[in-house]
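In case you want the letters, here they are:
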Amino acid sequence: MPALQNDTLIRALLRQPTAYTPVWLMRQAGRYLPEYNETRRRAGSFLALCKTPSLAAEVTLQPLERFPLDAAILFSDILTIPDAMGLGLYFAEGEGPRFERPLRDETSIAKLAAPDPSESLRYVTDAIGEVRRTLAGKVPLIGFSGSPYTLACYMVEGQASDDWRNVKLMLYERPALLHRVLETNTRAVAALLNAQIEAGVNVVMIFDTWGGSLSAALYREFSLEYIQRVLSQLKRNSGAARVPVIVYTKGGAAWLERIAAIGCDCVGSVPAPRSRAISIPRCCSPRPKSSVARCRRRSSPSGAGPATCSTSATAFRSSRLRKTWLPWSRQCEN
């Protein structure tokens, strides 16, 4: 792995001094970019774009051509894992992801198995290889996965939901079944993240998008516990370099201390105090100045504890990025 020319993000995540605040976009490649739309058109569909390594690498790198960002984030989707499990992922126009075969009974859950990333998810690691060759150490590459609970939400519900009714019914009426799904998902998430680390990503992130929809007690039992199990299985060193881990729980600001205690390097949530900018949760915002995420080392005399990432309704304070982002974003608003 070539030495990083810009290691500002890595240093921030490891709580080391940095010359400036590193910035990256959580949805770095997307429909706000005309070049992304053209590449997706060539791919034919969102899923084909994810599963074609050369095209996934292309859109991963596109934002770096426009903005002075401090990291690239792999273009993929958290639902590639349940798709590889055989649940039949597809994207309905205007309705988002859906599964042909959601998990609703004991028989289907008993058949569930963690996929081998070297086989059914090989396109993910192949894309990482292509991105790394092109980046040549310019900035770090971030890999990611959904959390076991967030994946389970889609796998049981069969699609996105406002209330996750079927998941909650299983949680209360058949908790052992849901735990079985979560155990399988934990193995799958850990295997995929380890494969990404072996392929050369510099940082990994776990998106716990729906953990915040649970009560505090249920969050600890059904989400946080399984994220901690994932962390315990990660190979967090790539050669001589340590691979930092970010855990992001949407709506989990009240649980930052508990999340920090599981052993991650950086905690992400919305909103939280004492934070410093590192990521923008919605890069396609009509008013990007109000959707800046900030990440700071947690205040403590010893500097111990993970960094924290959070959304903050604050003005864009990175002068490097402001020069290119704000004029361009104003054009998008007009």
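Within each chain, residues carry numbers counting from 1 in the order of the written sequence. Given that the model is predicted, a residue must reach a pLDDT of at least 70 before its local features are reported, and side-chain atom pairs must reach 80 or more before they are shown or counted; all residues, however, enter totals for whole chains, interfaces and linings. Only hydrogens and water are set aside when side-chain values are computed; all heavy atoms of the structure are taken into account.

Before going further, it helps to examine helix α7 (residues 122-135). Helix and strand assignments follow DSSP, with helices taken as H or I runs no shorter than four residues and strands as E runs no shorter than two, numbered in order from the N terminus. One less than the number of residues in a helix, times 1.5 Å, gives the span that helix is expected to have. With 14 residues, α7 extends 20 Å between its outermost C-alpha atoms, agreeing within 8% with the 20 Å of an ideal straight helix rising 1.5 Å per residue. By the burial criterion, the buried members of α7 are Tyr123, Val124, Thr125, Ala127, Ile128, Gly129, Val131 and Leu135. Where α7 is buried, its residues contact α3 (46-51), α4 (53-66), β2 (72-73), α5 (80-84), β5 (141-146) and α10 (175-199). Only protein chains enter the calculation, and the probe is 1.4 Å; a residue is then buried if its accessible area is under 20% of its type maximum, exposed if over 50%, and partly exposed in between. Only heavy atoms matter for contacts: two residues are in contact if any of them lie within 4.5 Å across the pair.

As a further point, take the environment of glycine 137. Take glycine 137: it is sitting in the loop between α7 and β5. When its relative accessible area of 7% is taken as the criterion, glycine 137 is described as buried. Spatially, the C-alpha atoms of glycine 137 and proline 2 are 5.4 Å apart, while their sequence positions differ by 135 residues. The contacts of glycine 137, once residues within four sequence positions are left out, are Pro2, Ala3, Leu4, Gln5 and Asn6.

Let us now look at the pairing of strand β9 (residues 245-249). Counting buried positions along β9 gives five out of five residues, so the element sits mostly inside the fold. Residues of β9 alternate between two faces, with Val245, Val247 and Thr249 on one and Ile246 and Tyr248 on the opposite face, all of them buried. Paired strands are those between which DSSP finds at least two bridges. Examined bridge by bridge, strand β6 (residues 203-208) and β9 share five bridges and lie parallel to one another. In the strand pairing of β9, isoleucine 206 is matched with valine 247. In this structure, β9 lies alongside strand β10 (residues 266-269), joined through three bridges in parallel fashion.

Moving on, we come to unusual backbone geometry. One non-glycine residue, alanine 136, lies in positive phi territory at about 50 degrees. A relative accessible area of 39% means that alanine 136 is categorised as partly exposed. Despite not being glycine, tryptophan 164 has its phi angle at roughly 50 degrees, a positive value.

The axes are straight lines fitted to the C-alpha atoms, using for helices just the contacting stretch, and the angles between their N-to-C directions are given from 0 to 180°. Interaxial distance between helix α2 (residues 34-43) and α4 falls to 9 Å at its minimum, and their mutual angle equals 170 degrees. Here α2 is positioned roughly antiparallel relative to α4, judged by the angle of their axes. Residues Pro34, Glu35, Tyr36, Thr39, Arg42 and Ala43 of α2 touch α4, and the partners they reach there are Leu55, Glu58, Val59, Gln62 and Arg66. In this classification, the charged set is Asp, Glu, Lys and Arg, the nonpolar set is Ala, Val, Leu, Ile, Met, Phe, Trp, Tyr, Cys and Pro, and all remaining amino acids, among them Gly, are polar. Across the contact of α2 with α4, the residue classes break down as five nonpolar, two polar and four charged. Here the word oblique covers every angle except those under 35 degrees (roughly parallel), over 145 (roughly antiparallel) and from 65 to 115 (roughly perpendicular).

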